[in-house]
Amino acid sequence: MSKRIINKVAVIGSGIMGSGIACHFANIGVEVLLLDIVPRELTEAEKAKGLTLEHKMVRNRLVNDSLKAALKSKPSPIYHQKFASRITTGNLEDDIAKVSEADWIIEVVVERLDIKKKVFENLDKHRKEGTLITSNTSGIPIQFMSEGRSEDFQKHFCGTHFFNPARYLKLFEIIPGPKTSQDVLDFLNSYGEQYLGKTSVIAKDTPAFIGNRIGIFGIMSLFHQVKDMGLTIEEVDKLTGPVIGRPKSATFRTVDVVGLDTLVHVANGLYENCPNDEAHDLFKLPGFIQTMMNNNWLGSKTGQGFYRKVKNNDGSSDILSLDLDTLEYRAKKSAKFATLELTKTVDKVINRFPILVSGKDKAGEFYRKNFAAMFAYVSNRIPEISDDLYKIDDAMKAGFGWEHGPFQIWDAIGVEKGIEIMKAEGYEPNAWVYEMLESGSKSFYSVQNGATYYYDIPSKKQTKIPGQDAFIILDNIRKSKEVFKNSGVVIEDLGDGILNCEFQSKMNTIGGDVLAGINKAIDLAEKEFDGLVVGNQGANFSVGANIGMIFMMAVEQEYDELNMAIKYFQDTMMRMRYSSIPTISAPHGMTLGGGCELSMHADKVVAAAETYIGLVEFGVGVIPGGGGSKEMTLRASDTFRKNDVELNVLQEYFLTIGMAKVSTSAYEAFDLGVLQKGKDVVVVNKDRQIATAKAYARLMADQGYTKPIQRTDVKVLGKQALGMFLVGTDSMEAGHYISEHDKKIANKLAYVMAGGDLSEATLVSEQYLLDIEREAFLSLCTERKTLERIQHMLKTGKPLRN
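Residues numbered from 1 in each chain as written. Predicted model: local features only at pLDDT ≥ 70, side-chain atom pairs only at ≥ 80, totals over all residues. Heavy atoms only, no water.

Caption draft 1: Region of interest: the overall build of the protein chain. A count of helices and strands for the protein chain gives 33 helices and 25 strands. On the principal axes, the C-alpha backbone points of the protein chain span a range of 80 × 70 × 65 Å. Across the protein chain, contacts joining residues at least 24 apart in sequence account for 69% of those joining residues at least 6 apart. In the structure as shown, the protein chain presents an accessible area of about 34300 Å², 51% of it carried by carbon and sulfur atoms. When the 96 positive and 103 negative side-chain charges of the protein chain are each reduced to one mean point, those points stand 1 Å apart. (Helix = DSSP H or I, 4+ residues; strand = E, 2+ residues; numbered from the N terminus. Contact = heavy atoms within 4.5 Å. Areas by Shrake-Rupley, 256 points an atom, 1.4 Å probe, with all protein chains shown as cover. Lys, Arg positive; Asp, Glu negative; His and termini not counted. Charge placed at Lys NZ, Arg CZ, Asp CG, Glu CD.)

What follows is the structure in structure tokens.
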């Protein structure tokens, strides 16, 4: 097979999905041609301007309006707004010939076979031979779409189903057509994972493929269960949310966001096209769903669904819930279950499942019914929708945001225990599950030599899941490769002379044990290894320092101890930079406060594209005290040499901290000065992040890493800058933009970033800045209003403005 390179993609159809796909290809640096149909009527605005239907602005109106709307939507489909320049728009009449320049054409038009076939007929005339051509259909059989097309078209044609939103949901289903070449499937499988950052799953051409077949079954099963068990929608959302590793939106909120009509469309398709499915009747809409459809209660898009937001007379708003018995909206009810209380001390979701199915209350009954139905259903879908059980788990995790797939949950409960629960609820697993147990495999998955194996049904043995060699899965190596462990971290040997320091604290907060662990990791690496990665595979890299510890010390007025704790934090950050081995930080997800400071002090950052990083300490009434204020001052100073307007440069860095700016992607972090161009790198696929970070650590060691010398040449501007900042904070307070306490925090930061009240611009050391940073941090910890902010953050997780 000759090497295939994707330089340009043509996306046909610019609706929410088409524009989202176009944006994600732009995210990874691919040139995109986005085409849509030509309008048949002028708008009133176009008439007023005297435009005609032949005007280019009119002919490209649909595509331009769609893309503009996508780029304004939140969460954003694009990593950085400037990446939108990689997308060129056009229409299917004037610009169709341009698809000949594309290496891959993706059809994303309305879900009607007749329309899709017309589009493909037109594209077949213009595409060059060998060009990939795929459909983003979510349910139309692939086999029907390419009928009558050229042999080359059919060979290079298949389904490629992105989940919406394309940037954020990782599932990429690849569905072969009758004549799709194996080379094409192999290429798309690899490209989806390596370049698009997706979990690629090759599915069979069956109704709704894998993700929606299982996902819609799960939701429809719940719709029927909720009435049978007399549960409220709040109770179901409590039971099917984060407690079992699902998104916060759980079930009913998710349906409101996606749109009830979307779900009903897929459910109806499954009801019509799966007459032999043993759960066929479950896909029939319950009465309350049909009533909601008739009333146009479709969720967010129509203003009400299972939940409705209402404005009160005083301007505040409340969220009402739908009573499924009366179909009237009422005030929200709290949902509490004894079984859930038992899991509060169990941090790892996977360890909660045995407790949940053993519950003696309505929650336990719910989980037994729910999992029994799901286990039976997924076992019966093999080999119908997939030959391999891990693909079903991959699809549910990547497409629906589940932390664990059905077979992983079944393993957690115990295969035999799961069968026992199923039988009690009137279900039986498929025969192959019994065959698995008889063959000696007691679980669907196993870990061998750091790799994940799955039970392969035809061979009746555990088989290595393909494609893992580019990944390092910390869960798989933690026990066998552990070098050191305390309550805050595990240090693992990644091989090839590189260590990894993995945080294990709640939400990966950085407290005393984590700092001790980082120091231990550097000690070990300096003595016996060649490099260090600081990375984990939790939901977030780190939400920052342990503010609970800071609060307790401040309340008890243990200022000497607090001073020592802050100095220990600063010293640890400086060790990240000034050690004899290369240090790599691998941030992802929320990387806030201390997590951001740690990353800024590493020799190199290998950030996941979805990294939301920033110095947010202002929100709890302090300044960055772990080296963040010093580091932003240093980075501003380094920029002075390239820019004459020094005060303006310093002000930009000051505002990044003062406004607690957080990037919405790793690429935005470069604009904030948190990541540095030419030094730090971004990986799109988070699964590859630890392996990539390890490779950079090895490369830096091989190139002859030398311990850097501490900086003594940081230019600070003294009174000139301090005066500018103080005037600014005075005017902000006078205009009621900030509170008196906000002004106090800002003035402390101003003092640090100006280098104190020095009479003129001066070169100072990093240690000088760290000392005044720590002094400013401690003085703010004595303020009552700071303690109120910290206490409020600890209670609610939200900042307080006082």
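Caption draft 2: Quick peek at the pairing of strand β9 (residues 307-311). As paired elements, β9 and strand β10 (residues 317-323) share five bridges and run antiparallel to each other. If you follow K311 over to β10, its bridge partner there is S317. Taken together, β9 and the strand that follows it, β10, pair antiparallel across an intervening segment of five residues, in which G315 is found at a positive phi of about 95 degrees. (Pairing = 2+ DSSP bridges.)

Caption draft 3: Molecular detail of the pattern of salt bridges. Considering all chains together, one arrives at 57 salt bridges under this definition. Between R478 and E492 there is a salt bridge, and its shortest N-O distance comes to 3.8 Å. With R478 in the loop between α21 (474-477) and β15 (482-485) and E492 in strand β16 (residues 489-495), this residue pair connects regions lying 14 residues apart in the sequence. Here R478 and E492 have matching classes, each one buried. With its nearest N and O atoms 2.8 Å apart, the salt bridge here joins R577 to E631. One end of the pair, R577, is in helix α24 (residues 559-577); the other, E631, is in helix α26 (residues 628-640), with 54 residues separating them in the sequence. (Salt bridge = Lys/Arg side-chain N within 4 Å of Asp/Glu carboxyl O. Buried < 20%, exposed > 50% of the residue type's maximum accessible area, 1.4 Å probe, protein only.)

Caption draft 4: Representation of the environment of Q537 within the structure. Assignment of secondary structure puts Q537 in the loop between β18 (531-535) and α23 (547-555). What makes Q537 partly exposed here is its relative accessible area of 33%. Once the C-alpha coordinates of Q537 and H24 are considered, the two residues, 513 residues apart in sequence, prove to be 23 Å apart. Not counting residues up to four positions away in its chain, the partners in contact with Q537 are I472, I473, L474, D475, H588, K686 and I690. At 2.7 Å, the side chain of Q537 forms a polar contact with the backbone oxygen of I472. (Polar contact = N/O pair within 3.5 Å; in protein donor to acceptor, adjacent residues only side chain to side chain.)

Caption draft 5: Geometry of unusual backbone geometry. Of the consecutive residues K74 and P75, the connecting peptide bond is found in the cis state with omega at -5 degrees. With respect to the element layout, P75 can be found in the loop between α4 (61-72) and β3 (87-91). Cis peptide bonds are those with omega within 30 degrees of zero, and the linkage from N164 to P165 qualifies with 0 degrees. Tracing the sequence through the fold places P165 in the loop between β6 (157-162) and β7 (171-176). Phi is positive for L327, which is not a glycine, with a value near 55 degrees.

Caption draft 6: Structural detail: the packing of helix α9 (residues 211-229) against helix α17 (residues 389-400). Their axes nearest at 9 Å, the elements α9 and α17 cross at an angle of 75 degrees. Judged by the angle between their axes, α9 and α17 are roughly perpendicular. Packed against α9, whose contacting residues are G211, N212, I214 and G215, the element α17 presents I392, A395, M396 and F400 at the interface. Taken together, the residues of the contact of α9 with α17 sort by class into five nonpolar, three polar and no charged. (Axes fitted to C-alpha atoms, helices over the stretch in contact; angles between N-to-C directions. Parallel < 35°, antiparallel > 145°, perpendicular 65-115°, else oblique. Nonpolar A, V, L, I, M, F, W, Y, C, P; charged D, E, K, R; others polar.)

Caption draft 7: Expanded view of the nonpolar core. With 111 residues, the main nonpolar core has I12, F223, F306, Y367, F407, W432 and F444 as its most contacted residues. Not counting the four nearest positions on each side in its chain, I12 is found in contact with L35, L92, V99, I105, I106, E107, V108, V109, V119 and L123. Of all hydrophobic cores here, the second largest spans 92 residues; its members include W104, I106, I657 and A669. (Core = buried A, V, L, I, M, F, W, Y, C linked by side-chain atoms within 4.5 Å.)

Caption draft 8: Summary view of the environment of S580. Counting through the fold element by element, S580 comes out in the loop between α24 and β19 (583-586). Along the sequence, S580 and H601 sit 21 residues apart, while their C-alpha atoms lie 14 Å from each other. In this structure S580 touches E526, Y705 and K707, once residues within four positions along its chain are discounted.

Caption draft 9: Main features of the sheet that holds strand β11 (residues 328-331). The antiparallel open sheet is built from three strands, whose spatial order is β9-β10-β11. Strand pairing shows two members of the sheet lacking a second neighbour, β9 and β11, which therefore form its edges. The average angle at which neighbouring strand axes cross in this sheet is 40 degrees, direction not considered. Of the strand pairs in this sheet, β10 and β11 are connected by four bridges, and their pairing is antiparallel. Within the sheet, the bridge partner assigned to S321 lies in β11 and is R330.

Caption draft 10: Representation of the pairing of strand β5 (residues 132-135) in the model. On β5, burial covers both faces: L132 and T134 on one face and I133 and S135 on the other are all buried. Inspection of the sheet shows strand β4 (residues 104-107) paired to β5 by four bridges, in the parallel sense. Bridge pairing links I105 to I133 in β5. Once you follow β4 into helix α5 (residues 113-126) and on to β5, the crossover reads as right-handed. In this structure, β5 lies alongside β6, joined through three bridges in parallel fashion. When the bridges of β6 are listed, S135 appears paired with G159. (Right-handed = clockwise from strand over helix to strand, strands pointing away.)

Caption draft 11: Representation of a negative patch on the surface within the structure. A cluster of acidic side chains, namely E556, E558, D560 and E561, defines a negative patch on the protein surface. Turning to its location among the elements, D560 is positioned in helix α24. (Patch = residues over 30% accessible without salt bridge, like charges linked within 9 Å, V, L, I, M, F, W, Y side chains within 5 Å.)

Caption draft 12: The arrangement of the packing of aromatic side chains in detail. Under the criterion given, the structure shown has 33 aromatic pairs. The interplanar angle of 70 degrees and the centroid separation of 5.5 Å between the aromatic rings of F366 and Y367 together place this pair among those described as edge-to-face. Residue Y367 is classed as buried on the basis of its relative accessible area, which comes to 1%. An aromatic cluster of three or more residues is present, and its members are F353, F366, Y367, F371, F375, F407, W410, W432, F444 and Y455. Sitting over the face of the ring of Y307, R253 holds its NZ or CZ atom 4.0 Å from the ring centroid. (Phe/Tyr/Trp six-rings, centres within 6.5 Å; stacked < 30°, edge-to-face > 60°. Lys NZ or Arg CZ within 6 Å of the ring centre and 35° of its normal.)

Caption draft 13: Fine view of the environment of L524. Within the secondary structure, L524 is located in helix α22 (residues 512-528). L524 sits in the buried class, given a relative accessible area of 11%. A C-alpha to C-alpha distance of 43 Å links L524 and L722, two positions 198 residues apart in sequence. Apart from the residues within four sequence positions on either side, L524 is in contact with V483, F484, I491, L499 and F529.

Caption draft 14: Up close: the sheet that holds β18. Taken in spatial order, the seven strands line up as β15-β16-β17-β18-β19-β21-β23 in an open sheet, and their pairing is mixed. Two strands close off the open sheet at either side, each with one partner strand: β15 and β23 (681-683). Strand-to-strand twist across the sheet, computed as the mean angle between neighbouring axes with direction ignored, equals 20 degrees. Sheet analysis places β16 next to strand β17 (residues 498-503), joined by six bridges and oriented antiparallel. Bridge pairing in β17 places D493 opposite L499. Sheet strands in contact with helix α29 (residues 689-702) are β16, β17, β18, β19, β21 (604-608) and β23, and its direction is about 165 degrees off that of β21.

Caption draft 15: Seen up close, the side chain of T786. Note on placement: T786 falls in helix α33 (residues 784-796). A relative accessible area of 0% means that T786 is categorised as buried. Side-chain polar atoms of T786 contact the backbone oxygen of G621, separated by 3.0 Å. Non-local contacts of T786, meaning those with residues more than four positions away in its chain, are made with V620, G621, V622, H741, L780 and C781.

Caption draft 16: Layout of α24. Here α24 is 19 residues long and its end C-alpha atoms lie 27 Å apart, about the 27 Å a rise of 1.5 Å per residue gives. Among all positions in α24, only L562, A565, I566, F569, Q570, T572, M573, M574, M576 and R577 are buried. (Expected span 1.5 Å × (residues − 1).)

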